[in-house]
Structures are given as C-alpha cells and as structure tokens.
Amino acid sequence: MIGFLIALLSGALMSVQGVFNTKVTEASSMWAANAFVQFTAFLVCIAAWLAVDRTSFREVLAVEPKYVLLGGAIGAFITLTVIRSMDALGPAKAVMLIVIAQLIVAYLIELLGLFGVEKQPFRWQKVIGALVAIGGFMLFKWE
C-alpha cells in the first residue's frame, strides 16, 4: 500500500514540477532553467544526505555496470523534454503521453530483461493495458 501512495505522490509532484519548470523556462531559457532545476535538486540531495545518510560516495562510484551512473545526465534530458512537451501540449496531455511512454518502455525493459532487470514473461494483459491507456489518451484528447 505504501508503494501505491508513494507512486501517486510521485506522479503528482512530477506534474507540478513540470508546470513550475515550464514557467521558469518562459522567464529565462531552456538550459538556464534546466541548470537551476538540477542545481536545486543537487542542494536538496546534499542536505538530505548530510542529515540522514552519509553513505560514502565511493560506494556510488563502485556500482557496476558503470553506464547506470548516467541516470543524472538522463535526468537533465527528462527535465528538458517535460518542459518542451508541457509547453507544446499543456500539462494534462503531456503527462498522459509521458506516462504512456514510461509504461511501454518499462514493460519492454521487463520483457527483454534489459539493464539487469529480471526478465518477465510476455503477458497479453499488459499489452491490453497499454492499449487501453493509449485509447484513454485518444478519448481525453478528442474535442
């Protein structure tokens, strides 16, 4: 149950953050806004690390495979694409497409066992669920 609530909170925070970041971009520029967003995230993470964790950064750098360390760099492009999509489509349509893309890519990662994730068997229910999500977007977009 806690995972369900955290996921709902995550989705809500991502939507609010996307709107905020789009407004900051309108007042400055894409990369200045993105740098500010990533910098403030860095400050929050450092403060939380100092307050509750203190795990050595050497442990982070020891992770294998090394390509998983690209998550932060990917985060910069996530911020960029969320801002651009919200600006072009509006928050609701953009978030719906973002979530559909996340769902499909996450299922493919599980299905193919990519990036060290345990491979899962093909399930028609998941494909139908993705198609229902796409249909929901089409219905939502329909004017």
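Residues numbered from 1 in each chain as written. Predicted model: local features only at pLDDT ≥ 70, side-chain atom pairs only at ≥ 80, totals over all residues. Heavy atoms only, no water.

1. Things to note about helix α2 (residues 30-53)
Phase 1: For α2, spanning 24 residues, the distance from its first C-alpha to its last is 33 Å, which sits close to the expected 34 Å at 1.5 Å a residue.
Phase 2: Of the positions making up α2, those classed as buried are Met 30, Ala 33, Asn 34 and Val 37.
Phase 3: On the buried face of α2, the contacting elements are α1 (2-27) and α4 (71-89).
Phase 4: The positive-phi residue at the C-terminal boundary of α2 is Arg 54, with phi of around 65°. (Helix = DSSP H or I, 4+ residues; strand = E, 2+ residues; numbered from the N terminus. Expected span 1.5 Å × (residues − 1). Buried < 20%, exposed > 50% of the residue type's maximum accessible area, 1.4 Å probe, protein only. Contact = heavy atoms within 4.5 Å.)

2. Side note on the pattern of salt bridges
Phase 1: In this structure the tally under the stated criterion is 3 salt bridges.
Phase 2: Across the pair Glu 26 and Lys 23 runs a salt bridge whose closest N-O atoms are separated by 3.8 Å. Separated by 3 residues within a single helix, Glu 26 and Lys 23 lie in helix α1, roughly one turn from each other. Here the two residues Glu 26 and Lys 23 agree in accessibility, since each one is exposed. (Salt bridge = Lys/Arg side-chain N within 4 Å of Asp/Glu carboxyl O.)

3. Side note on the side chain of Thr 25
Phase 1: Looking at the element boundaries, Thr 25 is found in helix α1.
Phase 2: Those residues in contact with Thr 25 that sit more than four places away from it in its chain are Met 30, Ala 33 and Ile 83.

4. Some words on unusual backbone geometry
Phase 1: Omega for the peptide link from Glu 64 to Pro 65 comes to -5°, which places this bond in the cis form.
Phase 2: Mapped onto the elements of the fold, Pro 65 is located in the loop between α3 (57-61) and α4.
Phase 3: One non-glycine residue, Phe 115, adopts positive backbone phi at about 60°.
Phase 4: Relative to the helices and strands, Phe 115 resides in the loop between α5 (91-112) and α6 (124-141).

5. As for the packing of aromatic side chains
Phase 1: Tallying each qualifying case throughout the model produces 4 aromatic pairs.
Phase 2: Measuring from ring centre to ring centre gives 5.0 Å for Trp 49 and Phe 57, while their planes differ by 50°; the resulting arrangement is tilted.
Phase 3: A relative accessible area of 23% places Trp 49 in the partly exposed class.
Phase 4: A centroid spacing of 5.0 Å and a plane angle of 90° characterise the contact between Phe 122 and Trp 124, whose relative ring orientation is edge-to-face. (Phe/Tyr/Trp six-rings, centres within 6.5 Å; stacked < 30°, edge-to-face > 60°.)

Any functional reading would require information beyond the geometric quantities listed.
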